[in-house]
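Descriptive structure summary
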Amino acid sequence: EAQVTQNPRYLITVTGKKLTVTCSQNMNHEYMSWYRQDPGLGLRQIYYSMNVEVTDKGDVPEGYKVSRKEKRNFPLILESPSPNQTSLYFCASSSGTSGRSEQYFGPGTRLTVT
Amino acid sequence: AQSVAQPEDQVNVAEGNPLTVKCTYSVSGNPYLFWYVQYPNRGLQFLLKYITGDNLVKGSYGFEAEFNKSQTSFHLKKPSALVSDSALYFCAVRDRGSQGNLIFGKGTKLSVKP
């Protein structure tokens, strides 16, 4: 089954404790992206990647890091989480890099930083 | 700068009536336009997209959308709403000259009452 998986689905952590949210897709997609969803703000793009070793900032990259060492994986790293990073996070992927393709979304990771 | 506006936070419709969820956009060039739906506690699912050609686009679950270049709009429509259509709907735009950044609207909650 074609899918995007994220782990963990739920995470409660404390300020400053480094964490990684994993994202994996099994569709051989070139493009992958991370979003955060906050009430009243919709989805905002954090980082995206056009292919292996190619990443770029989205609209809200501060406080986040990503890497793309393999085509299927695109982890999101919070090196020193803060309460304002409490949010619902989605990973997505799509085929090609033209921008024409629809994105496939993971189920989401709900992060709470206390 | 690119932007997307969904002017209604919520749309209420009676089952069997037609529905419209509005979306207007602003891009510097020509857009790729998308609609996604999010059911409670789920990731986003692709509904339909406009890339080029016919201004009326048909998508999943009986939804359609009309691209209007002069009004910079891409409203989502369905002739007869179902209770199961109740969900959060997001419009998204990407400038054809921008391969990476996909901009989402803030979302419109659709409520269909029996």
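You'll find the structure just up there.
Now for a quick tour of the structure. (Residues numbered from 1 in each chain as written. Chains lettered and ligands numbered in written order. Predicted model: local features only at pLDDT ≥ 70, side-chain atom pairs only at ≥ 80, totals over all residues. Heavy atoms only, no water.)

**A closer look at the packing of aromatic side chains**
What counts is decided by this rule: Aromatic rings from Phe, Tyr and Trp, with only the six-membered ring used for Trp, were paired whenever their centres fell within 6.5 Å, and each pair was classed as stacked if the ring planes differed by under 30 degrees, edge-to-face if by over 60, and tilted otherwise.
Scanning the model with the defined rule gives 14 aromatic pairs over all chains in all. Counting every residue linked through ring pairs, the aromatic cluster contains Tyr35, Phe90 and Phe105 of chain A together with Phe34, Tyr36, Phe46, Phe90 and Phe104 of chain B.

**Some details on the interface of chain A and chain B**
Basically, it comes down to this: Note on contacts: a residue pair is in contact if any heavy atoms of the two residues lie within 4.5 Å. Summed over both partners, buried area is the accessible surface (1.4 Å probe) that two parts give up on being assembled. A pairing counts as a salt bridge when a side-chain nitrogen of Lys or Arg comes within 4 Å of a carboxyl oxygen of Asp or Glu. What qualifies as a polar contact is a pair of N or O atoms within 3.5 Å, subject to a donor-acceptor requirement within protein and to the restriction that residues adjacent in sequence count only when both atoms come from side chains. Each helix corresponds to a stretch of at least 4 residues labelled H or I by DSSP, and each strand to a stretch of at least 2 residues labelled E; elements are numbered beginning at the N terminus. Each residue gets one label: Ala, Val, Leu, Ile, Met, Phe, Trp, Tyr, Cys and Pro are nonpolar, Asp, Glu, Lys and Arg are charged, and the others, such as Gly, are polar.
Each side of the interface is counted separately: chain A has 23 residues, and chain B has 22 residues. Between chain A and chain B, the buried area comes to about 1900 Å², and carbon and sulfur atoms account for 51% of it. The interface formed by chain A and chain B contains one salt bridge. For glutamate 102 of chain A, the salt bridge is made with lysine 49 of chain B, and the minimal N-O distance between the two is 2.9 Å. Summed over the shared surface of chain A and chain B, the number is six residue pairs in polar contact (both at pLDDT 80 or more). Looking at the side of chain A that touches chain B, the elements with two or more residues in it are strand E4 (31–38) and strand E5 (42–51) of chain A. Residue composition of the side of chain A that touches chain B, by class: nine nonpolar, 10 polar and four charged.

**Quick look at the pattern of salt bridges**
Close approach of charged atoms allows side chains with opposite charge to pair. Just so we agree on the cut-off: Only protein chains enter the accessibility calculation, which uses a 1.4 Å probe; a residue is then buried when its area is under 20% of its type maximum, exposed when over 50%, and partly exposed in between.
Under the defined criterion, the tally for this structure stands at eight salt bridges over all chains. Ionic pairing is found between lysine 18 of chain A and glutamate 79 of chain A, a salt bridge with its closest N-O pair at 4.0 Å. Of the two residues, lysine 18 of chain A sits in the loop between strand E2 (10–13) and strand E3 (19–25) while glutamate 79 of chain A sits in the loop between strand E8 (76–78) and strand E9 (87–94), which places them 61 residues apart along the sequence. Glutamate 79 of chain A gets classed as partly exposed once you look at its relative accessible area, which sits at 40%. One salt bridge in this structure joins lysine 78 of chain B and aspartate 85 of chain B, with 2.8 Å as the shortest N-O distance. The pair formed by lysine 78 of chain B and aspartate 85 of chain B is uniform in burial state, with each residue classed as buried.

**Points about the state of the cysteines**
All names here are of chain A. Put simply, the rule reads: Two cysteine sulfurs form what is called a disulfide whenever their separation falls within 2.5 Å.
Summed over the entire model, instances satisfying the criterion amount to two disulfides over all chains. Across a sulfur-sulfur distance of 1.8 Å, cysteine 23 and cysteine 91 are joined as a disulfide pair. Negative torsions about the S-S bond denote left-handed disulfides, and the value of about -70 degrees found for cysteine 23 with cysteine 91 makes this one left-handed. Of this pair, cysteine 23 sits in strand E3 while cysteine 91 is found in strand E9, placing the two residues 68 residues apart along the sequence.

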